[in-house]
Amino acid sequence: MTLAAPFPYFGGKRRAAAAIWDALGDPGGYVEPFAGSAAVLLARPHAGRCETINDLDGMVANFWRAARAAPDA
């Protein structure tokens, strides 16, 4: 099951996500250096083993940290 990004993001890779995963296959580790809405990671068709996301924008990082800590809120 793939998930959709929770918000649009300028420069997001949502439309390219399927092509990216077709090219990558099922890697053991995945690093997203410019996470933004994390559209590529959320569209991953396989269960991940080690996934890391980063973003220079502190507000983006805070959103994902808050979503992980309290997903229902």
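By convention here, each chain's residues receive numbers from 1 onward along its written sequence. Local features in a predicted model are, by the rule used here, given only for residues with pLDDT of at least 70; side-chain atom pairs are given and counted only at 80 or more, and totals for whole chains, interfaces and linings are based on all residues. Only hydrogens and water are removed before side-chain values are computed, so all heavy atoms of the structure are retained for them.

### What about the overall build of the chain?
For the chain, the helix and strand inventory stands at three helices and two strands. Along the chain, helices (α) and strands (β) appear in the sequence α-β-α-β-α when read from the amino end. This radius of gyration counts C-alpha atoms alone. The globule rule is 2.2 Å times how many residues there are, raised to the power 0.38. Taken over C-alpha atoms, the radius of gyration comes to 12 Å for the chain, in line with the 11 Å a tight globule of 73 residues would show. Principal axes of the C-alpha set define a box for the chain whose edges measure 30 × 25 × 20 Å. Exposure categories follow from relative accessible area, calculated using a 1.4 Å probe and restricted to protein chains: below 20% of the type maximum is buried, above 50% is exposed, and the middle band is partly exposed. Across the 73 residues of the chain, 22% fall into the buried class. Within the chain, contacts between residues separated by at least 24 positions form 40% of all contacts whose residues are at least 6 apart in sequence. Computed with a 1.4 Å probe, the accessible areas rest on the Shrake-Rupley method; for each residue, only the protein chains presented here act as cover. Approximately 5,200 Å² of the chain is accessible, and the part contributed by carbon and sulfur atoms is 61%. A helix here means a DSSP run of H or I that spans at least four residues, while a strand means a run of E at least two residues long, and both kinds are numbered starting from the N terminus. Contact definition: two residues touch when any of their heavy atoms are within 4.5 Å.

### Brief notes about unusual backbone geometry
Backbone geometry places A38, a non-glycine residue, at a positive phi of 60°. Relative to the elements of secondary structure, A38 occurs in the loop between β1 (29-32) and α2 (39-42).

### Examining the confidence of the model for the chain
Looking at the chain, pLDDT values average 87 and 97% of them are 70 or higher. Along the chain, pLDDT gives the predictor's confidence residue by residue, from 0 to 100. No element of the chain has a lower mean pLDDT than helix α3 (residues 58-69), which averages 86, and none a higher one than helix α1 (residues 17-24), which averages 95.

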